[in-house]
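Residue-level listing of the chains:
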Amino acid sequence: MVNNKIKNICCIGAGYVGGPSMAVLAKHCPNIKVNVVDINEERIRLWNCSDLKKLPIYEPNLDEIIGKCRGVNLFFSNNIKECIEQADMIFLSVNTPTKTKGIGAGYASDLKWIEASSRQIAEFARNHTIVVEKSTLPVKTAETIKSILNSSTLIKKNIDLHNINKTFSILSNPEFLAEGSAIKDLENPDRVLIGGEDEESIKKLSKIYENWVESEKIIETNLWSSELSKLVANAFLAQRISSINSISALCEATGANIKEVKKSIGTDRRIGNKFLEAGPGFGGSCFKKDILNLVYLSRFYGLNEVANYWEQIILINSWQQKRISELIIKKLYGTLSEKKLAIFGFSFKANTNDTRESPSISISNHLLDEGARLNIYDPQVSGKQISENLVDKEIDIFMNPLEAAKDVDAIIIMTEWKEFNKLDWDQIFSLMRKPAWIFDTRLCLETDNLRNIGFNIWSVGSNNEN
Ligand code: NAD
Ligand code: UGA
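Criteria and thresholds
Residues numbered from 1 in each chain as written. Chains lettered and ligands numbered in written order. Predicted model: local features only at pLDDT ≥ 70, side-chain atom pairs only at ≥ 80, totals over all residues. Heavy atoms only, no water. Near = heavy atom within 4 Å. Polar contact = N/O pair within 3.5 Å; in protein donor to acceptor, adjacent residues only side chain to side chain. Areas by Shrake-Rupley, 256 points an atom, 1.4 Å probe, with all protein chains shown as cover. Helix = DSSP H or I, 4+ residues; strand = E, 2+ residues; numbered from the N terminus. Disulfide = S-S within 2.5 Å. Buried < 20%, exposed > 50% of the residue type's maximum accessible area, 1.4 Å probe, protein only. Nonpolar A, V, L, I, M, F, W, Y, C, P; charged D, E, K, R; others polar.

Colleague: Residues and numbers for the site of ligand 2, please.
Modeller: Neighbouring ligand 2 are 19 residues; F176, L177, K230, C286 and R442 lie closest to it. Taking F176, its main chain carries an N or O atom lying 2.7 Å from an oxygen atom of ligand 2. Between E179 and ligand 2, the recorded distance is 2.8 Å, taken from a backbone N or O atom to an oxygen atom. In isolation ligand 2 exposes 700 Å². Once the protein is present, 90% of that is buried. With four residues, the top contributor of residues to the shell around ligand 2 is helix α9 (residues 223–254).

Colleague: Could you give an account of the state of the cysteines, naming the residues involved and the relevant values?
Modeller: Throughout the structure, instances matching the rule amount to zero disulfides. As a non-bridged cysteine, C251 has C444 as the owner of its nearest cysteine sulfur, 18 Å distant. Residue C444 is classed as buried on the basis of its relative accessible area, which comes to 16%.

Colleague: Give me the site of ligand 1: which residues, what numbers.
Modeller: Taken together, 26 residues form the shell around ligand 1, and within it D38, R43, T96, E179 and K289 come nearest. Here an oxygen atom of ligand 1 sits 2.7 Å away from a polar atom, N or O, in the side chain of R43. In the model, an oxygen atom of ligand 1 is placed 2.6 Å from a nitrogen or oxygen of the T96 side chain. Against a free-state accessible area of 830 Å², the protein chains account for coverage of 93% of ligand 1. For the shell around ligand 1, the element with the highest residue contribution is helix α5 (residues 112–124), accounting for three residues. Of the residues contributing to the shell around ligand 1, the split by class is nine nonpolar, ten polar and seven charged.

Set out below in structure tokens:
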């Protein structure tokens, strides 16, 4: 029988999803003990650090919740075995990157971390355990997890007494938070999606969310719809970005203005005004990986036209990055050798320290390949993390934007950090080599003021006569 209440939750994976999502769950469910576990000892040490400024991820308002719940009903630990043993419900929040070798390399998800954690659950879980997929997974992964969990109980039944009553139920509960607004998204989600076959388990998870989410927002589906919906949601979001970026190039060519086009189409309620910011192409750990996954899945089922359609979104995204790099080189007289440029912003978007798939990395690499030397500044990304992304390259990292601007020919705004508008641009102008260029790939600067100071400005999607 499985009708007892959930009292103990374990989350495997203390990353960008596991940490914030469990912090918000613990905040709203004081009667549930939440253990977040990880194999990465350094990550767990930082989650337990008394200085809340040193948490392993930067996310607005996360430190406040950790400060309140940690050590009360929220715990971070490397003791995976014990936390699995105690849990009634286990969230799988491990990484699922694109495979780099073997069948499906470059497209399919590498599920080795999902498999490893499923094996750990199979070994250590007791009684009935609800296993919840929170990671983003290819459709039908629940079948793989089920097979790992069930085969282990069969083998061990005769030799290990505590396995006799070991049973599992699998749910899919994908996460839709965006980095930089994770706490806001978790506190007030547009929807919570729960896919599964076992009504009782679905109800148990639903009850947990109902502590802070209106029940009308909780959508129940079958397992496969839930797994697929997560991939499709990311694909649709990324599709809008590639669409607007493709139009930004057309604006530059024709004299139309992307901000005006965005407003004109975004006021149509059927289109809506969200996710229409032109920029240097989407980054982040998920859009590319999830679309590649969708492409792989489509090809696997013989749907080549469907696969080609979605793959185009990634191709346009890379093209936008290349296009911007090339026009920077062109504006700077066709060569970057002996030139120093400043990159302002290294994270893949504002309000996060995450640099995975950041357009800053690819654009920096294009410029470095052309012989530039780069001064890099980001308000949240550590120098170590920047260096790890640009190993053995001609870069200098700065903690102060004014110092980073000294003697450079151009500043390239790569991330829309709010503070960039508040910089002392008069002083920056005086520090730079002339003509002094600003390339605003995010449309985040007030360019009229900057033109008056004397800067040459290029903004994505605008008529850029200088
Ligand atoms: P992450 O890399 O930040 O965190 C994953 C963590 O899992 C790592 O700390 C890793 O050490 C740990 N781990 C891996 N195998 C383990 C094991 N066997 N036992 C214990 N710990 C293990 O990844 P993330 O950004 O949190 O993403 C996790 C999943 O959530 C991915 O599938 C991703 O697609 C999905 N997702 C991410 C976001 C996001 O904004 N980052 C949003 C929604 C969904
Ligand atoms: C995205 C989705 O928004 C989340 O719903 C999803 O849960 C998550 O992926 C995931 O599965 O990992 P995230 O990547 O954190 O979240 O951030 P977004 O706000 O979606 O931004 C992604 C990239 O697109 C960033 O580089 C951002 O700068 C860029 N972007 C976003 C644009 O260029 N224009 C826009 O209008 C919006």
